[in-house]
Amino acid sequence: MVATIGWTITEWLDAQRASSSEEGLARIVAQVETFSKDDVAFITIASQDFLKTQWEQLQAIPNAKDLPLYGVPFAPKDNVDVAGLPTTVACPAFKYEPTKDAVIIRILKAAGAIPICKTNLDQFATGLVGTRSPYGAVPSAFNSEYCSGGSSSGSSNVVARGLAPFSLGTDTAGSGRVPAMHNNLIGLKPSRGAFSATGVVPACRELDCVSVFAQNLPDAKTVFDIAAKYDPADSYSRPLPEKMLQSFGPKPKLAIPDIPQWFDDTENAPLWAKAVEEFTAAGVELVPSDFTPMYKLGACLYEGPWVAERYTVVRKLIESDPEAMDPSVRTIIQLANKFSAADQFDWEHLRRDLVREIEIKFADFDGFLVPTAPLSPKIKAVQADPIKLNSKQGTYTNFVNFADMAALAIPAGFRQDGMPFGVTIVGRKHTDYALLDIAQNVLSGKERLLGNLGKKSVIKVTDVVF
């Protein structure tokens with residue numbers, strides 16, 4: 001059978017539609033058989049029996065080969081429930097066996113996709129580095145000494161290595177964007193509430209977004225088209241507008257940091273400068289601006305009482321068996337104990353004031369362009385200083401969900417050490433397609449990333465019963 005490593009959604013779809021049912025299943029089984037149980041990117045690898053069951057369920061759908069993801073494998077992060085595979089959230093003491101799929105898994109399966117594994121992550125989705133897991137620190141696919149980024153470390157790594165054409169991450173503070181940069185991928189962080197979070201172990205429910213990693217823009221857009229469905233069972237789900245903004249027009253206006261923060265890194269700044277030139281050449285107006293309000297807003301996420309929302313998820317474990325948790329994750333979540341109910345209101349008022357300041361100050365802008373992350377840290381460096389380095393990585397990501405914005409991370413070249421760099425386009429909620437439009441224009445000529453990206457398509461998917 002022809003090797004499938006590195007295939008895109010389109011390549012998988014074409015091959016599966018042209019094959020018999022037996023050949024289609026065999027192709028997925030052969031792909032999964034290349035996975036190793038010693039590979040730190042995985043927590044659980046699907047068995048042949050599991051894959052066969054998934055395939056039989058797919059074949060039972062009428063006209064299955066017409067489905068937009070027929071027979072396409074994908075890799076969910078291990079905080080997203082898949083019936084038949086355990087959910088651990090990278091904490092063995094928290095492990096449970098879900099009896100039903102998360103809604104987003106059901107939507108993707110109804111579109112023809114096949115889950116093939118559960119991927120590693122920073123424990124309880126708390127981290128931007130990919131090193132906070134008892135299942136191992138996940139490296140970048142480009143250099144084993146460097147971090148993959150987190151918390152969606154395994155999901156980004158397996159797509160970068162071509163083991164799956166797309167994967168699901170989650171993003172509260174940047175976990176769907178930072179790993180995209182470190183693995184040279186598209187990282188689509190949708191508007192809050194666009195993807196259902198029913199059946200997803202939360203970090204901060206009011207901020208969490210399921211995210212998508214893909215090799216190119218068309219694949220990311222395809223998954224968004226299919227998965228963005230209102231879920232009444234998810235109290236934070238929101239229906240998309242009937243008419244989504246498709247473009248900001250011929251000359252989008254984006255704010256960029258007037259004084260980018262690189263800390264002690266020296267290699268990312270030149271790549272940022274080159275990206276600014278490329279965006280400008282593509283017709284984007286970039287305006288250097290004071291990002292102080294965004295930095296202050298982002299700092300609220302871990303300096304304020306929002307860590308208490310994480311505490312609610314692990315309360316039983318952290319109070320009965322705290323040693324079962326990763327030390328860095330435990331330290332961060334235990335900060336919840338220092339805040340009172342009154343503190344929560346003080347901080348929420350500050351958050352709202354900062355959001356309003358941003359809304360007023362940037363009212364005439366379409367959005368922002370930022371480095372996805374300021375640093376490209378080595379695993380050993382993070383292990384030596386696990387909290388401070390992680391905090392720096394959220395410089396350009398932490399504010400986004402707080403401000404109710406959509407974001408799209410895209411590759412932007414390679415450093416001298418071979419590690420990828422990336423930038424992120426940020427816009428108001430429900431500008432997801434307009435962000436893809438900007439990326440399409442900027443990446444024009446870069447075939448691997450661009451593909452044949454068109455405007456929003458209407459894809460009929462088998463009805464999902466919520």
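For the structure, see preceding data.
Each value, and the rule that gives it
Residues numbered from 1 in each chain as written. Predicted model: local features only at pLDDT ≥ 70, side-chain atom pairs only at ≥ 80, totals over all residues. Heavy atoms only, no water. Pairing = 2+ DSSP bridges. Helix = DSSP H or I, 4+ residues; strand = E, 2+ residues; numbered from the N terminus. Right-handed = clockwise from strand over helix to strand, strands pointing away. 1 Å grid on protein atoms, 1.4 Å probe; cavity = no way out; pocket = protein on both sides within 12 Å on 5 of 7 lines; lining within 4 Å. Points joined across faces, edges and corners; volume = space filled by probe spheres on them. Nonpolar A, V, L, I, M, F, W, Y, C, P; charged D, E, K, R; others polar. Axes fitted to C-alpha atoms, helices over the stretch in contact; angles between N-to-C directions. Parallel < 35°, antiparallel > 145°, perpendicular 65-115°, else oblique. Contact = heavy atoms within 4.5 Å. Buried < 20%, exposed > 50% of the residue type's maximum accessible area, 1.4 Å probe, protein only. Phe/Tyr/Trp six-rings, centres within 6.5 Å; stacked < 30°, edge-to-face > 60°.

Draft legend 1. Local environment of the pairing of strand β11 (residues 285-289). Looking at chain direction, strand β10 (residues 253-257) and β11 are connected through five bridges and run parallel. Bridging across to β11, Lys253 finds its partner in Glu285. As for the winding sense of the linkage, the β-α-β connection from β10 through helix α8 (residues 268-281) to β11 is right-handed.

Draft legend 2. A look at empty space enclosed by the protein. Across all of its chains, the model carries six cavities of 30 Å³ or more by this definition. Put simply, the second largest cavity is a space of about 50 Å³. Lining the second largest cavity are Asn79, Ala125, Thr170, Thr172, Ala197, Val200, Val201, Pro202, Ala203, Asp208, Cys209 and Val210. Of the residues assigned to the lining of the second largest cavity, the class counts are eight nonpolar, three polar and one charged.

Draft legend 3. Fine view of the packing of helix α7 (residues 217-227) against helix α16 (residues 432-442). With their axes 11 Å apart at the nearest point, α7 and α16 run at an angle of 170° to one another. It follows that α7 is roughly antiparallel to α16 by the angle criterion. Note on element contacts: α16 touches α7 through Asp432, Tyr433, Leu436, Ala439 and Gln440, opposite Leu217, Lys221, Phe224 and Asp225. Split into classes, the residues belonging to the contact of α7 with α16 amount to five nonpolar, one polar and three charged.

Draft legend 4. Main features of the environment of Asn183. In this structure, Asn183 sits in the loop between α6 (178-182) and β8 (186-189). In the structure, Asn183 is positioned 233 residues away from Gln416 in sequence and 15 Å away in space, judged by C-alpha atoms. Excluding residues that lie within four positions of it along the chain, Asn183 makes contacts with Pro139, Ser140, Ala141, Phe142, Ser148, Ser156, Asn157, Ala160 and Pro420.

Draft legend 5. The arrangement of unusual backbone geometry in detail. The peptide bond linking Gly150 to Ser151 adopts the cis configuration, its omega dihedral lying at 0°. Position of Ser151 relative to the elements: it lies in the loop between β6 (143-147) and α5 (153-160). Here the phi dihedral of Asn63 falls at roughly 55°; this positive angle occurs in a residue that is not glycine. Residue position: Asn63 is located in the loop between α3 (48-59) and β2 (73-76). Unlike most non-glycine residues, Val89 shows phi in positive territory, near 55°. You can see Val89 is positioned in the loop between β2 and α4 (103-110). According to the relative accessible area criterion, Val89 is buried, its value standing at 1%.

Draft legend 6. Up close: the layout of surface pockets. By volume, the largest pocket amounts to about 470 Å³. What lines the largest pocket is a set of 22 residues, among which Ala299, Tyr302, Glu303, Ser391 and Asn398 lie closest to the centre. Of all the secondary structure elements, the ones that give two or more residues to the lining of the largest pocket are α9 (292-303), α11 (327-334), α14 (388-393) and α15 (398-402). With six residues, α9 is the largest single contributor of residues to the lining of the largest pocket. In terms of residue class, the lining of the largest pocket is built from nine nonpolar, eight polar and five charged.

Draft legend 7. Inspection of the packing of aromatic side chains at higher detail. Evaluation of the coordinates by the stated rule reveals 19 aromatic pairs. Pairing Phe35 with Phe42 gives two aromatic rings, centres 4.6 Å apart and planes at 25°, and the pair type is stacked. With respect to class, Phe35 is no different from Phe42; both count as buried. Ring geometry for Trp306 against Phe402: centres 4.8 Å apart, planes inclined by 75°, an arrangement best described as edge-to-face. Here Trp306, found in the loop between α9 and α10 (307-320), pairs with Phe402, found in helix α15; they are 96 residues apart in sequence, far enough to count as distant. By relative accessible area, Phe402 is classed as buried at 2%. One aromatic cluster is present, built from ring pairs that chain together Phe291, Tyr295, Phe362, Phe365, Phe368, Tyr396 and Phe399.

Draft legend 8. Region of interest: α4. Most of α4 is tucked away: seven of the eight residues are buried. Turning to α4, its buried residues are Val103, Ile104, Ile105, Ile107, Leu108, Lys109 and Ala110. Buried residues along α4 sit in contact with α3, β2, β3 (114-115), β7 (166-171), β9 (209-214) and α7.

Draft legend 9. The sheet that holds β11, seen in detail. Read from one edge of the open sheet, 10 strands run β3-β2-β7-β9-β8-β13-β14-β12-β10-β11, paired in mixed fashion. Looking at which strands have only one partner, the edges of the open sheet turn out to be β3 and β11. Examined bridge by bridge, β8 and strand β13 (residues 405-414) share three bridges and lie antiparallel to one another. If you follow Lys189 over to β13, its bridge partner there is Ala407. The strands touched by α16 within the sheet are β8, β10, β13 and β14 (420-428), with β13 carrying the most contacts at an inclination of about 20°.

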